[in-house]
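# Report on the structure
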Amino acid sequence: MELQEDKNDKESKDYILKDNKKTNFGMGFIITIIIILIIAVVISGFYFEFW
């Protein structure tokens with residue numbers, strides 16, 4: 001079985017991130033995790049009296 005690519009589909013090669021449900025969920029999930037980690041670092045900084 002070979003993968004065939006559409007010769008006329010130039011638009012899909014231009015973008016790494018597609019505008020679909022998986023990409024939107026993935027980006028939202030990653031941004032949420034990063035925000036939670038930043039909040040955890042700030043809270044731990046106050047708890048251990050670094051600030």
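In case you missed it, the structure is sitting above this.
Residues numbered from 1 in each chain as written. Predicted model: local features only at pLDDT ≥ 70, side-chain atom pairs only at ≥ 80, totals over all residues. Heavy atoms only, no water.

## Structural notes on the overall build of the protein
Helix and strand counts for the protein come out as two helices and zero strands. In the protein, buried positions account for 4% of the 51 residues. Counting every atom, the protein has about 5,600 Å² of accessible surface; 65% of that belongs to carbon and sulfur. (Helix = DSSP H or I, 4+ residues; strand = E, 2+ residues; numbered from the N terminus. Buried < 20%, exposed > 50% of the residue type's maximum accessible area, 1.4 Å probe, protein only. Areas by Shrake-Rupley, 256 points an atom, 1.4 Å probe, with all protein chains shown as cover.)

## Some words on the packing of aromatic side chains
Between two aromatic rings, the relevant description is the distance of the centres plus the angle of the planes. In the structure shown here, the tally under the stated rule is three aromatic pairs. Look at phenylalanine 25 and phenylalanine 29: their rings are 6.1 Å apart centre to centre, the planes differ by 20 degrees, and that puts the pair in the stacked class. Taken together, the residues phenylalanine 25 and phenylalanine 29, both in helix α2 (residues 21-47) and four residues apart, mark about one turn of the helix. For phenylalanine 25, a relative accessible area of 60% puts it in the exposed group. Where tyrosine 47 meets phenylalanine 48, the ring centres are 5.0 Å apart and the plane angle is 80 degrees; that geometry is what we call edge-to-face. Residue classification places tyrosine 47 among the exposed positions, given a relative accessible area of 64%. Overall, the relative accessible area of 53% leaves phenylalanine 48 in the exposed class. Pairwise contacts between aromatic rings join Tyr47, Phe48 and Phe50 into one cluster. (Phe/Tyr/Trp six-rings, centres within 6.5 Å; stacked < 30°, edge-to-face > 60°.)

## What to know about unusual backbone geometry
Positioned with a positive phi, glutamate 49 is a non-glycine residue whose angle comes to about 60 degrees. Note on placement: glutamate 49 falls in the segment after α2. Overall, the relative accessible area of 68% leaves glutamate 49 in the exposed class.

Take it as geometry only, folks, not as evidence of what the structure does.
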